Amino acid sequence: MTDPSPENPSAFFNAMAQAFDATIRERRARPEFIGALCLQAFDSFEGNLAIQTEGAPAVACAGDCPACCVLRVVATAPEVFLVARFVTANQRALAQRGVDLPARIAALDAFASGCSESERMALRQPCPYIESGLCLLYRLRPLACRGHASYDKDACLAATSGRDADTAISTPHLMVRSLVQNAMMSSLRSAGLAWRLYELNGAVAIALGDAEAERRWIEGDDPLLCAAIPDFDAAEIGATFDSLRA
Ligand code: SF4
């Protein structure tokens, strides 16, 4: 299926939501469900971003700058479980390189749990997945990370070190991220799955500590609720989804 252009946000949202609905309906009971849902979201983001940025100036972000990786990252439940799977699958190999990911995640959770976006930025604590300036998760990084891109690396470095700077954030990245993320959340909600946004690190810490969390989420519980971001108005967002899908 070719996604419609985000220049028509309502049509794009509905087409995306129908595609996510189909994936949930067909794969919810299968082991590949989490990966399939995330891959669909990431592919849709990247494909539509390429369309939206064709001929536009390139952003400064090339995967080798961790300047903004001190910001609070929000993620949907499938993205959280995908990251938790990555940590579980790779922790032994990373430990042999001196990278103790579960310890990093627990340390940041103890330090930054419950922080607002501005409080988190003020802490200037790097994301646990940064290693030698690179993101260990890069191909699996959440939509929130993909959708935050800047035209000015120096301005990003200035802003994240507390100085006043215009970070010249890319609007197409923000727009495509918002449309894809909201379409997936709408489909999760329609299927009776927990559809909130969670603080990534806190939610991964929960998932790593509860071997049943993923199964419970697929059955309709919200095992990640303690890491849900507080500035999320489920009633208002749900009403918006209903009107868009009417
Ligand atoms: S997941 Fe990767 S890209 Fe996102 S904040 Fe962490 S290190 Fe940066």
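Preceding this paragraph is the structure being described.
Residues numbered from 1 in each chain as written. Predicted model: local features only at pLDDT ≥ 70, side-chain atom pairs only at ≥ 80, totals over all residues. Heavy atoms only, no water.

**Considerations on the nonpolar core**
Argument step 1. Residues Val80, Tyr129 and Trp217 are the most contacted members of the largest nonpolar core, which totals 59 residues.
Argument step 2. Considering every element that reaches this core, the biggest residue donor is helix α3 (residues 77–96), with 9 residues. (Core = buried A, V, L, I, M, F, W, Y, C linked by side-chain atoms within 4.5 Å. Buried < 20%, exposed > 50% of the residue type's maximum accessible area, 1.4 Å probe, protein only. Helix = DSSP H or I, 4+ residues; strand = E, 2+ residues; numbered from the N terminus.)

**Observations concerning the site of the ligand**
Argument step 1. Close to the ligand lie Cys69, Val73, Cys127, Ile130, Cys135, Leu137 and Cys145.
Argument step 2. Class assignment for the residues of the shell around the ligand results in 7 nonpolar, no polar and no charged. (Near = heavy atom within 4 Å. Nonpolar A, V, L, I, M, F, W, Y, C, P; charged D, E, K, R; others polar.)

**Points about the pattern of salt bridges**
Argument step 1. A full pass over the atoms with the stated rule returns 13 salt bridges.
Argument step 2. With a shortest N-O distance of 2.3 Å, Asp21 and Arg245 are connected by a salt bridge. In this pair, Asp21 sits in helix α1 (residues 9–27) while Arg245 sits in helix α11 (residues 234–245), placing the two residues 224 residues apart along the sequence.
Argument step 3. Here Asp210 makes a salt bridge to Arg216, at a shortest N to O gap of 2.8 Å.
Argument step 4. Residue Asp210 is classed as partly exposed on the basis of its relative accessible area, which comes to 22%.
Argument step 5. What emerges from the salt-bridge pattern is a single network uniting Arg72, Glu117 and Asp231. (Salt bridge = Lys/Arg side-chain N within 4 Å of Asp/Glu carboxyl O.)

**Quick notes on unusual backbone geometry**
Argument step 1. The backbone of Arg124 shows a phi angle near 55°, a positive value even though the residue is not glycine.
Argument step 2. On the secondary structure map, Arg124 appears in the loop between α5 (117–123) and β2 (130–131).
Argument step 3. Assessed through its relative accessible area of 42%, Arg124 is described here as partly exposed.
Argument step 4. In this model, Ser132 sits at a positive phi of 55°, which is unusual for a non-glycine residue.
Argument step 5. Inspection of the secondary structure assignment puts Ser132 in the loop between β2 and β3 (134–135).
Argument step 6. The class of Ser132 is exposed, set by a relative accessible area of 70%.

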